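Okay, here's what each chain looks like letter by letter:
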Amino acid sequence: MQANETNGGTLHFGDTASNGTTERPVARAIKRGMLNRCPACGTGRLFKSFLKPVENCAACGEDYTHQRADDLPPYLVITIVGHIVLGGYMATDLVWPLTTWQHLAIWAPITIILSLIMLQPVKGGTIGLQWAVRMHGFGEKPDADEDAAAAYQDKTA
């Protein structure tokens, strides 16, 4: 057998095992999540309130109880809004000499409004990313800490 020859039993780098798994495009899943839609089907709603995801998709039944967006959405929002507000502040300060109170009156409301507008889409995108890369129970098998379980099995008392 030559090195570049493939047969049905060999899995080479870049190949995927054909065990019936479906492809999950990352960009499409993030886009659907940011549009408040189920990353799996694109039709069901993702949130039942401002930041509370639904337990299951009404259209396809995808389970969202195990998703863990946690701290990534606020971190991303802080980073994006911080760059926008800081750039706007610096550009404004170069053009018009405003007092500190005037800058505060302009940029504090913009910061709060931008943060509130961006938080839900960014969280939806994070959930879509988790679904696409099969994180936190979105894969075929549930997440289990197998290494820790194996380490404790050989423990002697």
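Scroll up to find the structure.
What counts, and where the lines are drawn
- Residues numbered from 1 in each chain as written.
- Predicted model: local features only at pLDDT ≥ 70, side-chain atom pairs only at ≥ 80, totals over all residues.
- Heavy atoms only, no water.
- Helix = DSSP H or I, 4+ residues; strand = E, 2+ residues; numbered from the N terminus.
- Polar contact = N/O pair within 3.5 Å; in protein donor to acceptor, adjacent residues only side chain to side chain.
- Contact = heavy atoms within 4.5 Å.
- Disulfide = S-S within 2.5 Å.
- Salt bridge = Lys/Arg side-chain N within 4 Å of Asp/Glu carboxyl O.
- Buried < 20%, exposed > 50% of the residue type's maximum accessible area, 1.4 Å probe, protein only.
- Core = buried A, V, L, I, M, F, W, Y, C linked by side-chain atoms within 4.5 Å.
- Axes fitted to C-alpha atoms, helices over the stretch in contact; angles between N-to-C directions.
- Parallel < 35°, antiparallel > 145°, perpendicular 65-115°, else oblique.
- Left-handed = near helix turned anticlockwise from the far one by under 90°.
- Nonpolar A, V, L, I, M, F, W, Y, C, P; charged D, E, K, R; others polar.

Draft legend 1. A look at the side chain of Q130. Within the secondary structure, Q130 sits in helix α3 (residues 100-132). Of the polar contacts made by the side chain of Q130, one reaches the backbone oxygen of R68; its length is 2.6 Å. Apart from the residues within four sequence positions on either side, Q130 is in contact with Q67, R68, A69, M135, H136 and F138.

Draft legend 2. Examining the state of the cysteines more closely. For the structure shown, the criterion picks out 0 disulfides. C57 supplies the cysteine sulfur nearest to C38, a cysteine that is in no disulfide, at a spacing of 3.7 Å. Its sulfur unpaired, C60 is 3.6 Å from the next cysteine sulfur, which belongs to C57.

Draft legend 3. Geometry of the pattern of salt bridges. As enumerated under the stated definition, the model contains 1 salt bridge in all. One salt bridge connects R68 with D70, and the closest N-O pair in it is separated by 3.9 Å. You can call D70 exposed: its relative accessible area is 55%.

Draft legend 4. Main features of the nonpolar core. Listed in full, the 12 residues of the largest apolar core are A29, C38, L46, F47, V54, C57, Y64, A69, I127, W131, A132 and F138. In terms of residues, this core owes the most to one element, α3, which gives 3 residues. Setting aside its immediate chain neighbours within four residues, W131 contacts R24, A29, P39, A40, E62 and F138. Counting residues in each nonpolar core, the second largest holds 7 residues, with V85, M118, L119 and V122 among its members.

Draft legend 5. Fine view of the packing of helix α2 (residues 72-95) against α3. The N-to-C vectors of α2 and α3 enclose an angle of 150°; their axes lie 8 Å apart at closest approach. By the criterion of interaxial angle, the relationship of α2 to α3 is roughly antiparallel. By crossing handedness, the relation of α2 to α3 is classed as right-handed. Residue composition of the contact of α2 with α3, by class: 16 nonpolar, 6 polar and 2 charged.

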